[in-house]
Every structure is written in C-alpha cells, then in structure tokens.
Amino acid sequence: MDNVITKSKDVTLLEILDRVLDKGVVISGDIVISLADVDLIYVGLKVLISSVETMERLRGAPFAGGQEEPN
Amino acid sequence: MQAAKRSRISRMGIYTYAIIDSNSKISSSINGLGGAVVYNIPYRNIGIVVSESEHVQDIAQEHILKHEEIVEKLMEDFTVLPMRFHTLFNQEKDALLMMKEYCGDFRENLDRLRNKKEFGVRVIWPGDIKRNRIIDAYKKSNAGADMPDSSSVKSFVKEKFEEYKIDKEFEEEADKYIALIDNFFSRWACEKKIEKLKSENLLLNAFYLVEKEKEEDFKEAFERARDICICGDLKYLFSGPWPPYNFISLTKKTLHQRLSEADMFGRISPEQNLLNKGML
C-alpha cells in the first residue's frame with residue numbers, strides 16, 4: 001500500500017475496497033460444492049453491504065465534491 | 001437476538017490470501033489476520049498462501065487492509081493471483097482440492113501475469129454541466145420550431161426522442177474524451193479494462209496491466225497527463241501498482257474437462273501428454 005500513488009487516504013481505501021472485496025480469484029460456489037465435501041465459507045452479503053456504504057460515504061468526498069449527482 | 005448470537009460464532013479454518021508461482025516455503029516471516037503465521041501450501045509447481053484463522057463473521061476495515069498488505073508483500077517476491085477477501089476453507093485438504101480443480105487455470109494466469117502489475121485510472125468530468133450544455137444547445141436549435149400539439153401521444157414520443165438524442169450526444173462526447181485518454185495510456189499497457197460512465201460524473205474507470213520494466217514509464221505518463229491536462233476540465237485519480245486483481249480470468253476448466261475436450265478433437269493435450277508419461 002506504500003506504493004499507491006494516490007495521495008488521499010480515502011481514495012486509496014476506496015481503491016482497495018473496490019479490488020479486495022470484488023475482484024481477484026473468485027471461486028464459484030457451485031463448482032466447489034460439486035467437488036463434494038469442500039466446505040467453502042464465503043462471507044458475501046454482509047461484507048458487500050458494508051463496503052457499498054463505505055464507498056458511498058467515500059465517493060461523496062473525492063469524486064463528486066460532496067455534491068449529489070444530477071438525475 | 002439470534003442474529004447477534006450467530007455473529008459471534010467462530011471456528012478455526014484456513015484463510016487464503018493468494019495463489020503464487022512457487023511451491024517453496026515463504027522465506028520472510030509474515031503475520032496474517034489475527035497475527036497468525038502466513039505459509040504456502042504447495043501444489044505441484046505453484047502454491048496457495050494461507051494462514052490459520054477463525055471464521056469470524058464480524059468483518060472490520062483492518063481485516064481488509066491486512067489482506068491487501070499480505071498480497072502486496074507476496075507480490076514483492078512472486079507472481080500473485082490475489083484471492084477475493086474472506087475466502088476460507090475448513091482444512092488444508094479442502095484448499096488442495098480447489099487447487100487441483102483450478103490448477104490449469106491458475107498456471108495459465110500466473111504465466112500471463114508474470115512480471116506485470118495493475119494500475120488504475122479514474123477520470124472525473126463535469127458530466128452534469130456537459131449534459132446541461134447539450135440540452136441548452138438543443139433547445140436553442142429548436143427555438144421557434146415548437147408547434148402546439150394537442151396529441152399527448154405525439155408529445156410523449158417527441159419528448160422521448162429528444163431524450164434519446166441528448167443521451168446519444170452525451171455518450172458520443174464521452175467516447176471522444178475516453179478515446180483520447182485511453183490512447184495516451186494504452187501505449188504503455190499490455191492489457192486494459194475500460195468502464196465507461198459508471199455514473200454521470202465518473203467518465204472513465206480504467207485498469208491497465210503494465211510490464212514491470214515499463215512501470216516507471218507508466219508512472220511518468222501519469223504525471224504528464226496531469227501536467228498537460230489532457231482534455232482540460234478533467235480530474236484524474238491514479239493508483240498503483242496493484243496486484244492484478246482485474247486481470248484474473250478463470251475459465252473454470254478442470255483437468256477432466258481439458259482431457260475430454262482433447263479427446264473430442266482427437267488431439268493430445270499437454271496434460272494428456274504428461275499423464276501418458278506418468279508425470280501427473
């Protein structure tokens with residue numbers, strides 16, 4: 001994280017959340033279940049809900065300057 | 001009450017951070033989530049980096065940052081395929097089963113992403129102002145042409161058609177900007193992913209995969225883009241280098257599927273070849 005060029009901590013956090021919560025190697029549940037006896041626990045909904053809230057909060061500052069986007 | 005009770009349930013498991021292009025032990029001492037030792041579970045010539053962890057249901061920001069920190073540490077020494085946050089297995093043998101299932105995919109991705117890093121470029125534009133300008137210009141060009149129309153159906157169709165034309169012009173303007181910016185950055189990238197107008201003001205959310213040797217050139221390009229202000233009234237947000245989160249592509253082909261496909265076409269796949277030689 002030291003390498004991140006972006007200076008704002010908020011933007012950096014937003015970028016991290018965007019990647020860590022939503023990208024990378026995503027093992028498909030049905031494939032895993034079909035392997036039999038592999039119990040993959042993936043906390044999806046709870047994390048995603050909190051991340052969306054965080055992103056919305058962060059997005060207000062660096063992206064839209066605290067203003068609502070026009071409809 | 002029941003939910004609160006459930007949120008406290010935890011048990012030990014294997015927390016996964018990344019797939020790496022090595023089956024060796026991790027030389028440096030790294031502590032992962034909860035301070036647990038991070039280690040590599042080898043599978044053939046690759047490995048999955050894990051730590052023992054509780055299946056904790058209450059996720060905090062520090063856990064997410066820790067996950068990223070570990071992946072970035074691994075990136076210093078290995079090619080990494082970061083796992084999505086909070087991918088857990090009950091035991092090592094379950095993680096190994098997954099490795100067996102996805103081994104071909106992981107190898108292909110590790111080969112493709114070797115010595116490459118991801119950079120992010122977000123471009124903000126005053127989309128609301130741009131749209132209002134288009135609407136104003138449209139109104140001016142139609143001034144005097146408005147005829148009283150008694151038919152509500154006709155006026156509805158006319159209104160929708162106007163909206164369509166305004167949207168189209170707005171998108172065309174966005175496309176012009178995006179083409180200029182993307183052409184500028186693409187020179188240093190070997191792969192890219194572009195997301196257009198995710199919101200009215202977020203013109204571009206782009207990810208570029210850059211070879212390590214071009215990393216400094218790409219960073220300089222960032223600075224130049226800022227200095228020369230490509231397209232004037234835009235705001236640039238740059239980030240990187242990142243592990244290649246946005247460039248992992250799993251086809252979900254298992255070894256069994258690969259062998260079946262090869263059989264269908266009467267070909268001998270590399271895997272079949274190794275199998276024949278008794279190396280798998």
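Residues numbered from 1 in each chain as written. Chains lettered and ligands numbered in written order. Predicted model: local features only at pLDDT ≥ 70, side-chain atom pairs only at ≥ 80, totals over all residues.

1. Here we look at the overall build of chain B
Let me state the cut-off plainly: Only DSSP runs of H or I reaching four residues or more are called helices, and only runs of E reaching two or more are called strands; each is numbered from the N terminus. Contact between two residues is assigned whenever their backbone-derived C-beta positions fall within 7 Å.
The helix and strand inventory of chain B stands at eight helices and nine strands. Sequence-distant contacts, at least 24 apart, represent 72% of the contacts inside chain B between residues at least 6 apart.

2. Looking at the overall build of chain A
To be explicit about the condition: Whether a residue is buried, exposed or partly exposed follows from its count of other C-beta atoms within 10 Å of its own C-beta, namely 20 or more, 12 or fewer, or something in between, respectively; the C-beta atoms are built from the backbone.
Summing up its helical and strand segments, chain A has three helices and one strand in all. Out of the 71 residues in chain A, the part that is buried amounts to 28%.

3. Focus on unusual backbone geometry
Residue and element names in this part refer to chain B. Following Gly240, the chain continues into Pro241 via a peptide bond in cis, with omega recorded as 0°. Secondary-structure assignment places Pro241 in strand E9 (residues 235–242). The backbone of Arg44 sits at a positive phi, close to 50°, despite the residue not being glycine. With respect to the helices and strands, the residue Arg44 is situated in the loop between strand E2 (38–43) and strand E3 (46–54).

4. Notes on the confidence of the model for chain B
All names here are of chain B. Going by this rule: The predictor attaches a confidence to each residue, and that confidence, scored 0 to 100, is pLDDT.
Put simply, chain B has an average pLDDT of 83, and 79% of its residues get 70 or more. Across chain B, E2 holds the top mean pLDDT of 97, while helix H1 (residues 2–7) sits lowest at 39. Under the prediction, the complex receives an ipTM of 0.73, its pTM being 0.73.

5. Let's talk about the environment of Glu101(B)
Note on placement: Glu101(B) falls in helix H3 (residues 92–113). Residues Glu101(B) and Asp182(B), 81 residues apart in the sequence, show an inter-C-alpha distance of 37 Å.

6. Quick notes on the sheet that holds strand E7 (residues 191–196) of chain B
Residues and elements named next belong to chain B. Convention followed: Whether two strands pair comes down to DSSP finding at least two bridges between them. Note on geometry: axes are lines fitted to C-alpha atoms, helical ones only across the stretch in contact, with angles between N-to-C directions running from 0 to 180 degrees.
A sheet is described by the order of its strands in space; here four strands give the open sequence E7-E8-E6-E9, paired in antiparallel fashion. In the strand order of this sheet, the two ends are held by E7 and E9, each with one partner. In this sheet, neighbouring strand axes are inclined to one another by 15° on average, regardless of whether the strands run parallel or antiparallel. Pairing analysis gives nine bridges linking strand E6 (residues 116–124) to strand E8 (residues 202–211), with the strands arranged antiparallel. Looking across to E8, one finds that Val123 is bridged to Leu204.

7. A word on the nonpolar core
Rule in force here: Among buried residues, those of type Ala, Val, Leu, Ile, Met, Phe, Trp, Tyr and Cys that are joined through C-beta atoms within 7 Å form a set called a nonpolar core.
Counting 30 residues, the largest nonpolar core has Tyr17(B), Ala18(B), Ile19(B), Ile20(B), Val49(B), Leu74(B) and Leu81(B) as the members making the most contacts within it. Elements represented by at least two residues in this core include exactly strand E1 (12–20), E3, helix H2 (61–77), strand E4 (80–82), strand E5 (87–89) and H3 of chain B. Other than its neighbours up to four places away in sequence, Ile19(B) contacts Val25(A), Ile46(B), Ile48(B), Leu81(B) and Phe106(B). Val123(B), Ile181(B), Ala206(B) and Phe238(B) belong to the second-largest nonpolar core, a separate cluster that totals 20 residues.

8. Structural notes on the pairing of E6(B)
All names here are of chain B. Of all nine residues that make up E6, eight are buried, and the element is covered over most of its length. Sheet topology note: the E6/E9 ladder contains six bridges and is antiparallel. From the neighbouring strand, Val123 faces E9, where its bridge partner is Tyr236.

9. Regarding the domain arrangement of chain B
Residues and elements named next belong to chain B. Applied cut-off: Either an automatic procedure or a domain database provided the assignment from which the domain bounds are taken. Note on residue categories: nonpolar means Ala, Val, Leu, Ile, Met, Phe, Trp, Tyr, Cys or Pro, charged means Asp, Glu, Lys or Arg, and polar means any other residue, Gly included.
For chain B, the assigned domains are domain 1 (8–114) and domain 2 (117–247). One C-alpha centre belongs to domain 1, the other to domain 2, and the line joining them spans 36 Å. Taken together, the contacts link six residues of domain 1 with four residues of domain 2. Contributions of two or more residues to the side of domain 1 that touches domain 2 are made by H2 and E4. The biggest single contributor to the side of domain 1 that touches domain 2 is H2, with three residues. Among the residues forming the side of domain 1 that touches domain 2, the class breakdown is five nonpolar, no polar and one charged.

10. Some details on the confidence of the model for chain A
When pLDDT is low, close inspection of the predicted coordinates is not appropriate. All names here are of chain A. Here chain A shows a mean pLDDT of 49. Residues at 70 or above account for 23%. No element of chain A has a lower mean pLDDT than helix H2 (residues 29–34), at 34, and none a higher one than helix H1 (residues 9–20), at 75. Taken together, the stretch residues 1–7 has pLDDT below 50 and engages in 18 contacts with residues farther than four places along the chain or on a different chain. The low-confidence segment residues 29–56, where pLDDT is below 50, has 37 contacts with residues more than four positions distant or belonging to other chains.

11. Concerning H3(B)
All names here are of chain B. Put simply, the rule is: A helix is expected to span 1.5 Å multiplied by its residue count minus one. Bend, at a single residue, is the angle you get between axes fitted to the 7 residues ending at that residue and the 7 residues starting at it.
Here H3 contains 22 residues, and its C-alpha end-to-end distance of 26 Å is more than 12% below the 32 Å for a straight helix at 1.5 Å per residue. Considering bend angle alone, the principal kink of H3 is centred on Tyr102 and spans about 70°. Every buried residue belonging to H3 is among Ala95, Met98, Glu101, Tyr102, Asp105, Phe106, Asn109, Leu110 and Leu113, and all of these are buried. Phi turns positive one or two residues past the end of H3, at Asn115, with a value near 60°.

12. As for the pairing of E7(B)
Residues and elements named next belong to chain B. Where E7 meets E8, six bridges bridge the pair, whose relative direction is antiparallel. Considered in E8, the bridge of Lys193 is made with Phe207. Counting the residues in the hairpin turn of E7 and E8 gives five residues, including Leu197, whose phi is positive at 45°.

13. Let's talk about the packing of helix H4 (residues 127–141) of chain B against helix H5 (residues 152–186) of chain B
Residue and element names in this part refer to chain B. Put simply, the rule is: Each angle receives one of four descriptions, namely roughly parallel if under 35 degrees, roughly antiparallel if over 145, roughly perpendicular if within 65 to 115, and oblique otherwise. The handedness criterion is simple: a crossing whose near helix is rotated anticlockwise from the far helix by less than a right angle is left-handed, and one whose near helix is rotated clockwise is right-handed.
Direction vectors running N to C along H4 and H5 enclose 130°, while the axes themselves pass 10 Å from each other. One way to sum up the angle between H4 and H5 is to call them oblique. At the point where H4 passes H5, the crossing takes the right-handed sense. Contacts from Lys130, Arg131, Ile134, Ile135 and Tyr138 in H4 reach Glu162, Ile166, Glu169, Phe170 and Glu173 in H5. Per-class residue counts for the contact of H4 with H5 are five nonpolar, no polar and five charged.

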